[in-house]
Amino acid sequence: MKIKNICCIGAGYVGGPTMAVIAQKCPKVNVTVVDINENRIAQWNDPDVEKIPIYEPGLSEIVKEARGRNLFFSTDVESAIDKADMIFISVNTPTKTYGIGKGMAADLKWIELCARQIASVAKNDKIVVEKSTLPVRTAAALKDILDNTGNGVRFQILSNPEFLAEGTAVDDLKNPDRVLIGGDIDTTEGKEAMDALVSIYASWVPRENILTTNVWSSELSKLTANAFLAQRVSSINAMSELCEKTGADVEEVARAVGMDSRVGPKFLKASVGFGGSCFQKDILNLVYIAKSFGLEEVADYWEQVIKMNNHQKRRFAANMVRKMYNTVSGKKIAILGWAFKKDTNDTRESAAIYVTDYLLNEQAEVVVYDPKVTEEQIFSDLNYLGTRSDEENRRMVTVVNSPMEACQDSHAIAVLTEWDEFKELDWKEIYKNMLKPAFLFDGRRLLDRKTKEEIGFEFYAIGN
Ligand SMILES: NC(=O)c1ccc[n+]([C@@H]2O[C@H](COP(=O)([O-])OP(=O)(O)OC[C@H]3O[C@@H](n4cnc5c(N)ncnc54)[C@H](O)[C@@H]3O)[C@@H](O)[C@H]2O)c1
Ligand SMILES: O=c1ccn([C@@H]2O[C@H](COP(=O)(O)OP(=O)(O)O[C@H]3O[C@H](CO)[C@@H](O)[C@H](O)[C@H]3O)[C@@H](O)[C@H]2O)c(=O)[nH]1
């Protein structure tokens, strides 16, 4: 079966970049990305490609090349579903904020809406691909809805979780460690659907890097991968606290441990805590699934990864207050970096939000600078916590367009995102313009201690 038309529902951080790369690599396949968010689609269609809604290195160039040729962005969901042979569902699956499973389970309401819409529109057989991260066995629910509410056409459901990391999405999509495709391996139709998706990826991914499994293994592998990755960060962050008490340096420890080929060197960077839209949500989902099967020990084991992460964010902020003579009330504190990691404008679950909230509770005056995050986003993140009103947040927090301005007349600086540009700042000039003693808290192990101390900073870094 040859795929000619692809539709992707959800033009977000996954749908947008993933489909842009498929369109670039498969110029003969028409790819239409649809979303109910009109503003987002308008941004994807902005004649100035630098204004697309997602910042990812290399993405605007691909959109420029493929948009209008075989890559389209639209709000006409039904027409795109109707035309497509293959439909990717790439909508958000956040943690539930209500009802059963509140604060833990994934909210699948947008997934279900997609399934019902596909079923009502489809007039010929279609392959439906789960691209969103979903609880294991969601494919069964999807199949139920599609088969029971459709027009008698046949659907094949595949699981094809996405492993891209933000900030390196384009590179991850072009050179993935693996592509995972789960499907109904016991039927001819199931195998044909899997082959059709394999042939899309095989346009640029070596065949041996495309794994095919049963659908449940594929769904569960995605949650497992994120749990393992987040666990590494929490593990090294746990050691960072012990390093601070003992005189060991967490970077030296990570290097020594990571050189064991069984452990490996990647993802062992101690930090102020992991953020992003996935790790916390997916682990909570895993914990919920384990609990729902009565696997209390399994649930407790993974929940600890989240507990450690919350502790790391809190202890970083608490340490700032403690070092500044136990009060930051009325003190100006510059926050450098708001995104959850460098090279993205995404702020979901960013540690900066929680550290700032803590400092605001201590009555600090906070000034924020981030090269890619808008002022509106920063206030929206703070308001979402519900700790104080929008008016209060706007009174206590200022967002500025330059790091020098953020640091001017401040008592302290906290580096919370590892943007490369922070390494190159004129730190002598910054020091000169600060109140003394000038405190510098490095939540990313980005800056060199020796040179900063020579300038005169009171310097504190995670894990050393
Ligand atoms: N962000 C990542 O790096 C990443 C990586 C791998 C997997 N994932 C998973 O991919 C999924 C999507 O994540 P994201 O970060 O792209 O989310 P996102 O919020 O950026 O984008 C989702 C989009 O889906 C749209 N949408 C929701 N319901 C819709 C409907 N019924 N019809 C049309 N559009 C609809 C929303 O308007 C939104 O624009 C999640 O399950 C996530 O866990 C995310
Ligand atoms: O050694 C490390 C590595 C990461 N982080 C932090 O961990 C968070 C997540 O980083 P990263 O995993 O690089 O970015 P994400 O975009 O969240 O990607 C993760 O989540 C995606 C969504 O499911 C998956 O597709 C990716 O494979 C998985 O890496 C960020 O706050 C990082 O700063 C650290 O503190 N130390």
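As the structure is a computational prediction, the values presented were derived from the model and not from experiment.

A.B. asks: Can you explain the packing of helix α12 (residues 296-323) against helix α13 (residues 351-361)? Please cite residues and give values.
C.D. replies: Between two packed helices, the angle of one axis relative to the other and the distance separating the axes together describe the packing. Contact pair α12 / α13: the axes reach a minimum separation of 9 Å and the direction vectors enclose 40°. The angle between α12 and α13 falls in the class oblique. The two elements α12 and α13 cross, and the hand of that crossing is right-handed. For the pair formed by α12 and α13, the contact residues are Lys313, Arg314, Phe316, Ala317, Ala318, Met320 and Val321 on the first element and Ala351, Tyr354, Val355, Tyr358 and Leu359 on the second. In terms of residue class, the contact of α12 with α13 is built from 10 nonpolar, no polar and 2 charged.

A.B. asks: Report on the sheet that holds strand β14 (residues 458-461), specifying residues and quantitative values.
C.D. replies: Strand order in the open sheet formed by 6 strands is β11-β10-β9-β12-β13-β14, with parallel pairing between adjacent strands. With partners counted over all chains shown, the strands left at the sheet margins are β11 (397-399) and β14, one partner each. For this sheet the average axis-to-axis angle between neighbouring strands, irrespective of direction, equals 20°. Here strand β12 (residues 412-415) runs beside strand β13 (residues 439-442); their pairing, made up of 4 bridges, is parallel. Residue pairing for β13: Val415 is matched across the bridge by Asp442.

A.B. asks: Explain the nonpolar core to me, using residue names and the numbers behind them.
C.D. replies: Formed by 61 residues in total, the largest nonpolar core has its most connected members in Phe316, Ile335, Leu336, Trp338, Leu359, Ile413 and Trp427. Top contributing element to this core by residue count: α13, with 6 residues. Each residue touching Leu336, except ones within four places of it in the same chain, is listed here: Tyr369, Pro403, Ala406, Cys407, Ile413, Ala414, Val415, Leu416, Thr417, Phe422, Leu425 and Trp427.

About the cut-offs
Residues numbered from 1 in each chain as written. Chains lettered and ligands numbered in written order. Predicted model: local features only at pLDDT ≥ 70, side-chain atom pairs only at ≥ 80, totals over all residues. Heavy atoms only, no water. Axes fitted to C-alpha atoms, helices over the stretch in contact; angles between N-to-C directions. Helix = DSSP H or I, 4+ residues; strand = E, 2+ residues; numbered from the N terminus. Parallel < 35°, antiparallel > 145°, perpendicular 65-115°, else oblique. Left-handed = near helix turned anticlockwise from the far one by under 90°. Contact = heavy atoms within 4.5 Å. Nonpolar A, V, L, I, M, F, W, Y, C, P; charged D, E, K, R; others polar. Pairing = 2+ DSSP bridges. Core = buried A, V, L, I, M, F, W, Y, C linked by side-chain atoms within 4.5 Å. Buried < 20%, exposed > 50% of the residue type's maximum accessible area, 1.4 Å probe, protein only.

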